[in-house]
Amino acid sequence: MLFFVAEMVFGRNRYSLRSRLNAALYWLVYIAITVTFFSVFSRLWGSLGIKPLMTLDLNRLFGGGGKWLQVAGWIVMPVISAIIGEFFYYWFHRLQHRSAFLWAFHSEHHALREMSAWNSNHHFTEEIFRVPFVLIPLSLLIQVDVGVVPALVVLIIGLQGQFEHSHTRLNLGPLRYVVADNRFHRIHHSVELHHYDKNFGSFTSFWDIVFGTAHFPARDEWPDTGIDAHDEAKTLSEYLFRPFSKLRGKRAA
Ligand SMILES: [Zn+2]
Ligand SMILES: [Zn+2]
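Cut-offs applied
Residues numbered from 1 in each chain as written. Chains lettered and ligands numbered in written order. Predicted model: local features only at pLDDT ≥ 70, side-chain atom pairs only at ≥ 80, totals over all residues. Heavy atoms only, no water. Helix = DSSP H or I, 4+ residues; strand = E, 2+ residues; numbered from the N terminus. Buried < 20%, exposed > 50% of the residue type's maximum accessible area, 1.4 Å probe, protein only. Contact = heavy atoms within 4.5 Å. Areas by Shrake-Rupley, 256 points an atom, 1.4 Å probe, with all protein chains shown as cover. Donors = N, O, S within 2.8 Å, 3.2 Å for Na, K, Ca; no water. Tetrahedral: all angles 85-135°; square planar, octahedral: opposite > 155°, others 65-115°. Core = buried A, V, L, I, M, F, W, Y, C linked by side-chain atoms within 4.5 Å. Polar contact = N/O pair within 3.5 Å; in protein donor to acceptor, adjacent residues only side chain to side chain. Salt bridge = Lys/Arg side-chain N within 4 Å of Asp/Glu carboxyl O. Axes fitted to C-alpha atoms, helices over the stretch in contact; angles between N-to-C directions. Left-handed = near helix turned anticlockwise from the far one by under 90°. Nonpolar A, V, L, I, M, F, W, Y, C, P; charged D, E, K, R; others polar. Expected span 1.5 Å × (residues − 1). Bend = angle between axes of the 7 residues up to and from the residue. Patch = residues over 30% accessible without salt bridge, like charges linked within 9 Å, V, L, I, M, F, W, Y side chains within 5 Å.

**Student:** Summarise the overall build of the chain; cite the residues concerned and give the values.
**Tutor:** From N to C terminus, the chain includes ten helices and two strands. When the 253 residues of the chain are sorted by exposure, 43% land in the buried category. Here the analysis covers contacts within the chain between residues at least 6 apart in sequence; of these, 75% occur between residues at least 24 apart. Carbon and sulfur atoms make up 68% of the accessible area of the chain, which totals about 13600 Å².

**Student:** Before we move on, could you go through the coordination of the zinc ion (ligand 1) and cite the residues and values that matter?
**Tutor:** For the zinc ion (ligand 1), the full set of protein donor atoms is His-93 (NE2), His-97 (NE2), His-106 (NE2), His-110 (NE2) and His-188 (NE2), at a range of 2.1 to 2.2 Å. All donor residues of the zinc ion (ligand 1) come from one chain, and their arrangement in sequence is H-x3-H-x8-H-x3-H-x77-H. Remark: His-106 occurs in helix H5 (residues 100-110) and His-93 occurs in helix H4 (residues 67-98); sequence separation between them is 13 residues. Exposure class is identical for His-93 and His-106. Each is buried.

**Student:** How would you explain the coordination of the zinc ion (ligand 2) if you had to name every residue and give the values?
**Tutor:** For the zinc ion (ligand 2), the protein coordination sphere consists of His-109 (NE2), His-165 (NE2), His-185 (NE2) and His-189 (NE2), at 2.1 Å. For the zinc ion (ligand 2), the four donor atoms in the first shell make angles of 91 to 167 degrees at the metal, a pattern classed as irregular. Between the donor residues of the zinc ion (ligand 2), the gaps in sequence give the motif H-x55-H-x19-H-x3-H. You can call His-189 buried: its relative accessible area is 1%.

**Student:** Can you break down the nonpolar core residue by residue, with the values?
**Tutor:** Counting residues in hydrophobic clusters, the biggest one holds nine residues: Phe-88, Tyr-89, Phe-92, Leu-102, Ala-104, Phe-105, Phe-129, Val-134 and Leu-247. Elements that contribute at least two residues to this core include exactly H4, H5 and helix H6 (126-141). Ignoring any residue separated from it by four or fewer positions in sequence, one finds Leu-247 in contact with Ala-100, Phe-101, Ala-104 and Phe-105.

**Student:** Which residues make up the side chain of Ser-205, and what are the values?
**Tutor:** Its location among the elements puts Ser-205 in the loop between helix H8 (182-188) and helix H9 (206-210). Residue Ser-205 is classed as buried on the basis of its relative accessible area, which comes to 0%. In this structure the side chain of Ser-205 is engaged in a polar contact, spanning 2.6 Å, whose partner is the backbone oxygen of Arg-176. Ignoring any residue separated from it by four or fewer positions in sequence, one finds Ser-205 in contact with Arg-176, Tyr-177, Val-178, Val-179, Ala-180, Phe-184 and Phe-216.

**Student:** Now, about the pattern of salt bridges: what can you tell me, with residues and values included?
**Tutor:** In this structure the tally under the stated criterion is seven salt bridges. Residues Arg-242 and Glu-238 are paired through a salt bridge, measuring 3.6 Å at the closest nitrogen-oxygen approach. One end of the pair, Arg-242, and the other, Glu-238, are both in helix H10 (residues 236-252), four residues apart, so they sit about a helical turn from each other. Overall, Arg-242 belongs to the buried group, its relative accessible area being 14%.

**Student:** Residue-level account of the packing of H5 against H6, with values.
**Tutor:** The contact between H5 and H6 brings their axes to 10 Å, and the two run at 145 degrees. Contact residues: H5 offers Phe-101, Leu-102, Phe-105 and His-106, while H6 offers Glu-126, Phe-129 and Phe-133.

**Student:** Just give me the short version of the packing of helix H2 (residues 17-48) against H6, but keep the residues and values in it.
**Tutor:** How two helices sit against one another is set out by the angle between their axes and by the gap between those axes. It is at 11 Å that the axes of H2 and H6 come closest, and there the two elements cross at 30 degrees. The handedness of the crossing between H2 and H6 comes out as right-handed. Here Tyr-30, Ile-33, Thr-34, Phe-37, Phe-38, Phe-41 and Trp-45 of H2 come into contact with H6, specifically with Glu-126, Glu-127, Ile-128, Val-131, Leu-135, Ile-136, Ser-139 and Leu-140. When grouped by side-chain class, the residues that make up the contact of H2 with H6 number eleven nonpolar, two polar and two charged.

**Student:** With reference to specific residues and values, describe H2.
**Tutor:** With 32 residues, H2 should reach 46 Å at 1.5 Å per residue; the first-to-last C-alpha distance of 46 Å fits that figure. Within H2, burial applies to Ser-19, Arg-20, Asn-22, Ala-23, Tyr-26, Val-29, Tyr-30, Thr-34 and Phe-41. A positive phi of about 60 degrees marks Gly-49, the residue just after H2.

**Student:** Describe in detail H6, supporting the description with residues and values.
**Tutor:** Taking 1.5 Å as the rise per residue, H6 with 16 residues should run 22 Å; its terminal C-alpha atoms sit 22 Å apart, in good agreement. The sharpest bend along H6 reaches about 45 degrees and sits at Pro-132. Listed as buried for H6 are Glu-126, Phe-129, Val-131 and Val-134.

**Student:** So what's going on with a nonpolar patch on the surface? Residues and values would help.
**Tutor:** Side chains of Val-5, Met-8, Val-9, Phe-10 and Leu-170 sit close together on the surface and give an oily, nonpolar patch of about 510 Å² of accessible area. Take Leu-170: it is sitting in the loop between helix H7 (150-163) and H8.

In structure tokens, the structure reads:
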């Protein structure tokens, strides 16, 4: 809602009501499936009692100093833990663009032509595919101990996920060299050829800088989004099943 208002006031694009209504329906389905899956998965995973290889206690790192250091820690800690966590997401996302199987699903997100904070949904399998590629390796390797902050991490990442798809003129300015903003992520969705395979990071631009895939847009660089192959899903059944029929078509060909 926050970014919805920001888009109304500072928006760059005018998008149709239809794409927003469709997005609302897809979000409902996406959330219902994701919540159901994770309530089962987290119970199963928790019952295995697996401990990660190392623990990074960021709380202790910042907690020992004065009050201001602690407050700074509350801001810095979620950012640091999100950057560490996103290493795995970065490589998963690159794989989504390389593997024909994963692309069949991920391309639904890239099909968004009227992309906004509201209309930014992924295919419902997105979070489920992240389990073997992101969640499991991360929980085997490292536990970032941030004390009271996890809820804040979830909130910040959640907000950022909407913001990076938003077409508001508000952006993060020089902070974009750490946290990916809407102008940075817009390039990843761009229809323009020279933007292909750039800006895979979702929360942070850090790994794109490290691995040479970062493209920081100029002030007026605001490309159209979408892919030639198909339009945004127009019906719920298209949203749910199109990737599967794409794969079936490929096998038959
Ligand atoms: Zn992508
Ligand atoms: Zn996106």
